[in-house]
Structure formats: C-alpha cells, structure tokens
Amino acid sequence: MTGQASDSTTGQASDSTTGHATDSTTGAVTVRVPAKVNVQLAVGAARPDGFHDLANVFLAVSLYDEVTATPAAGTKVTCEGPDADQVPLDRTNLAARAAGILAERAGLTPDVHLHIAKNIPVAGGMAGGSADGAAALVACDALWGLDTPMAELLDICAELGSDVPFSLVGGAALGTGRGEILTPVPAGAFHWVFAVADGGLSTPAVFREFDRLAAGHEIPAPQASPALLAALASGDPDALAPTLVNDLQPAALSLRPQLASVLAAGTAAGALAALVSGSGPTTAFLARDRAAAAGVAAVLDASGLCRATRVASSPAPGATLL
Ligand code: C5P
C-alpha cells in the first residue's frame, strides 16, 4: 500500500518524483502516518478515572497508513486495505472524530471525505486507529487552511486518545500520564519484524485483565528504565534486546495464550528479543539488521502461527503531509 493510486473520480494523482499528492481540481491532501511499538510499557495501578498511569516508551516504525481528505458534503469515511472490513466507518472512527473536533473549534462544519489506505494492523496494539486520527487532523487542518498551532493539535490528539499525540509527532518519545504527555528521547536505528495475529484485542479488555491479574499485588509507580533509554540512544540492538519490557504482555497472553508460541518461534528464528506490541495481539521482534529481520519474517510466515508478517525499521517520522 505505498504510493497514491490514481483515482478517476477525484482526479487525484501522485507525483512519483516528489511524492506529493497533487490535485488541482479538488485540493485533496494526503497525510502519511506511522505505526508504533512500545519498547517499554510500564503500567501503574488503575486511577480513579479508569486510566492507568504509564511510563510508555513509544517508537514509531516504518509501517504506514495514509489518510486523504477531500471536500465533501458532511463527513464520510472510506477505507481500503487487507483489514478494511474491520475498520468502523461511522462517527466512532478516530479520523471522523478528529475532523469533527477540529471543525468545531474552528467554527466550521466537518464537510470532508476521509479515505484511509490502511496498512497498520487493525486493533493490533500498534496504534493504527490513533494514527488515522492524527493523520486526519493534519489533513483537515491543511485542507481547511487553518494552520492550527502544534500545541493545539496535540491537545486535540490527547482528547482523541492516549496514543494519538505520539502518532502526530512520531520518532521516539517517553509518554507519561496516561501516555499523552510526551518527551522526545534520542533513538538510533533498529530493525523489527511484526507478526500480525488473526483478530484484534480490545485495549480496555487488556487493561481490565491487567487489573484482574494485579489484584492483591503492590503496583509500583511506573518509571522509565535508564538502561532502556541508554540502549535506545546507542542504536545497539544487543544492548536494547534485554531491556524491552511490556507490563501488558501477561494480560495479553492470558487473553490470547497462543501468542506465546509466536514469541517463542520468533526467538528460535534468531530474533534478539520478542514481545507483545502494546496491548497486542501483534507481536514484535527485534532483529540485528535488515537481513536478519527478513530471515525471522520468513520463518514466522512459514510457521503458520500468524496471519502475516511485516518488516519495518525505526524511528519513523510522525504524521506528514505528502
Ligand atoms: O486513551 P484511549 O481511548 O486510547 O484508551 C482506550 C482504553 O484503554 C481506555 O478507555 C482505558 O480502558 C484503557 N487505557 C488505560 N490506561 C491508559 C490508556 C488506556 O486504562 N493509560
């Protein structure tokens, strides 16, 4: 799902030299936005508002959705891609909600068609829905010529969901609070394999399972790991591998026990580390280099233990106007 397909109804075409979506007749704009993996997801006890305080080290990876915004009467969302049938196209879609909030703040009506070219696994723990929300926000801001300040865009993102601010900024960042308060952190380049599972997992359900498993235990306040941050900055995969940690992994494995075999198969295939991505059920494998990642992906593909694999690198830029 790379590049922009020509579309005879909108007259939109891609300029393969510059990568700019060009459309002189409709003014459609396209935004590319990355998936994320959490290299550290430290989870605290449930807060009175139901959320959990986190120390959440986000890393954007080179798996992208693209959202194209075109003028329309009312708000309309369409989606293409392998999992398009699992994406809600109603007002619950974060892209539609982003357009609605931005329009309301600007005193406009959200008259926009948002088309999502979906490549990020749906309900997979890789912030695919959050990515589309951030991308739609940037696309509508450009389409409507608003030039909204970054601080206000981040504010709208936090209203949309805990992971949405990171989808906007990309790169590598520590998320605190419920994950929405971001501090950029330095990160070298790393190579990853993602194993896409059949069906998604509900993030609230995984947090509920975390609470169930944690009942009766003392839950320490979540803290970023200095060793992990140093390894991330160094770009050394052998240093990063032993520091990767996801406190939601036991909950995701409890709800989806078969993920344990995927993790084991990736490690046996030479991955330096394996973990559940966010709330899952996508699993993430750190590889020494691009060739090693391709090797791990080939073994996982042949294993029949997952639906598909994706190879990606990090860090990747946040939501970007093409
Ligand atoms: O913020 P977002 O809408 O993406 O969160 C979805 C759900 O995940 C929340 O309603 C909550 O159940 C859970 N969650 C949480 N603590 C967080 C982030 C999300 O409990 N820090």
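Above this text sits the structure in question.
Note that the structure is predicted; figures quoted are calculated from it, not measured. (Residues numbered from 1 in each chain as written. Predicted model: local features only at pLDDT ≥ 70, side-chain atom pairs only at ≥ 80, totals over all residues. Heavy atoms only, no water.)

On to the overall build of the protein. When helices and strands are tallied, the protein shows 10 helices and 14 strands. A globule of 322 residues ought to have a C-alpha radius of gyration of about 20 Å, and the protein, at 19 Å, matches this closely. Dimensions of the protein along its principal axes, counting C-alpha atoms only, are 55 × 45 × 35 Å. Relative to its 322 residues, the protein shows a buried fraction of 52%. Surface summary for the protein: the accessible area is close to 13100 Å², and the carbon and sulfur share equals 55%. Charge-centre separation for the protein: the mean point of 16 positive side chains lies 4 Å from the mean point of 30 negative side chains. (Helix = DSSP H or I, 4+ residues; strand = E, 2+ residues; numbered from the N terminus. Rg over C-alpha atoms; globule rule 2.2 N^0.38 Å. Buried < 20%, exposed > 50% of the residue type's maximum accessible area, 1.4 Å probe, protein only. Areas by Shrake-Rupley, 256 points an atom, 1.4 Å probe, with all protein chains shown as cover. Lys, Arg positive; Asp, Glu negative; His and termini not counted. Charge placed at Lys NZ, Arg CZ, Asp CG, Glu CD.)

Let us look at the nonpolar core. With 66 residues, the main nonpolar core has V61, L114, W192, F194, L240 and L244 as its most contacted residues. The dominant element in this core, judged by the number of residues it contributes, is helix α2 (residues 128-143), at 9 residues. Judged by nonpolar contacts, the second largest core, of 27 residues, contains L54, V193, L201 and A252. (Core = buried A, V, L, I, M, F, W, Y, C linked by side-chain atoms within 4.5 Å.)

Inspection of the secondary structure assignment puts P315 in the loop between β13 (308-314) and β14 (320-321). C-alpha of P315 to C-alpha of L275: the two residues are 40 residues apart in sequence and 18 Å apart in space. With residues near it in sequence (within four places) discarded, P315 still touches L59, A60, G171, A187, G188 and A189. (Contact = heavy atoms within 4.5 Å.)

What follows deals with the packing of helix α1 (residues 94-106) against α2. The N-to-C vectors of α1 and α2 enclose an angle of 35°; their axes lie 7 Å apart at closest approach. In the crossing of α1 with α2, the sense of the turn from one axis to the other is right-handed. Residues L94, A95, A98, A99 and L102 of α1 pack against G129, S130, D132, G133, A136, L137, C140 and D141 of α2. Residues that form the contact of α1 with α2 fall into these classes: 8 nonpolar, 3 polar and 2 charged. (Axes fitted to C-alpha atoms, helices over the stretch in contact; angles between N-to-C directions. Left-handed = near helix turned anticlockwise from the far one by under 90°. Nonpolar A, V, L, I, M, F, W, Y, C, P; charged D, E, K, R; others polar.)

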